[in-house]
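What follows is the residue order along each chain.
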Amino acid sequence: MRLDKFLKVSRIIKRRTVANDACDAEHVTVNGRRAKASYDVKEGDIVEVTFGQRTLRFRVTDVREYVKKDEAASMYEIIE
């Protein structure tokens, strides 16, 4: 699944276009490297998303095309 779609489906970023813009602006890294929106997300990838001064770091645990709102958080595990 594309990185921008994963960020939207997992509800980390609200809209896919915003996720795409964040990738273009180099606010998203996967496994320590800057990632484009077209990057193919796999289970076990470590993703970092920077929102201004705040950074969210998480591990991808599941990749699904569609999930319900309550199950979206099960697609990733936050790393402190």
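Residues numbered from 1 in each chain as written. Predicted model: local features only at pLDDT ≥ 70, side-chain atom pairs only at ≥ 80, totals over all residues. Heavy atoms only, no water.

Student: Just checking my understanding: could you explain a positive patch on the surface for this structure?
Tutor: A surface patch of positive charge is lined by K8, R11, K14, R15 and K69. In this fold, R15 is placed in the loop between helix 1 (3-9) and helix 2 (16-24). Accessibility expressed as a relative area gives 49% for R15, which makes it partly exposed. (Patch = residues over 30% accessible without salt bridge, like charges linked within 9 Å, V, L, I, M, F, W, Y side chains within 5 Å. Areas by Shrake-Rupley, 256 points an atom, 1.4 Å probe, with all protein chains shown as cover. Salt bridge = Lys/Arg side-chain N within 4 Å of Asp/Glu carboxyl O. Lys, Arg positive; Asp, Glu negative; His and termini not counted. Charge placed at Lys NZ, Arg CZ, Asp CG, Glu CD. Helix = DSSP H or I, 4+ residues; strand = E, 2+ residues; numbered from the N terminus. Buried < 20%, exposed > 50% of the residue type's maximum accessible area, 1.4 Å probe, protein only.)

Student: It is not clear to me how the environment of V47 should be interpreted in this structure. Could you clarify?
Tutor: Counting through the fold element by element, V47 comes out in strand 3 (residues 46-51). Classification of V47 by relative accessible area gives buried; the value is 0%. Separated by 13 residues in sequence, V47 and V60 have C-alpha atoms that sit 7.5 Å apart. When near neighbours in sequence (up to four residues on either side) are disregarded, V47 contacts V28, T29, V30, L56, R57, F58 and V60. (Contact = heavy atoms within 4.5 Å.)

Student: What's the story with the nonpolar core in this structure? I'm lost.
Tutor: Grouped burial of nonpolar side chains is what soluble globular proteins tend to show. In terms of nonpolar packing, the biggest core is built from 24 residues, with L3, L7, V28 and F58 touching the most fellow members. Contributions of two or more residues to this core are made by helix 1, helix 2, strand 1 (28-30), strand 3 and strand 4 (54-60). The leading source of residues in this core is helix 1, at 4 residues. Each residue touching L3, except ones within four places of it in the same chain, is listed here: C23, V28, V30, A35, K36, A37, Y39 and V41. (Core = buried A, V, L, I, M, F, W, Y, C linked by side-chain atoms within 4.5 Å.)

Student: How should I be thinking about the sheet that holds strand 2 (residues 33-34) in this particular structure?
Tutor: Overall, antiparallel pairing links the 5 strands, which are arranged 2-1-3-4-5 in an open sheet. The sheet is open, and its two edges are formed by strand 2 and strand 5 (76-78), each paired on a single side. Summarising the sheet, strand 1 and strand 3 pair through 3 bridges and their orientation is antiparallel. Within strand 3, the position partnered with V30 by the bridge is V47. (Pairing = 2+ DSSP bridges.)

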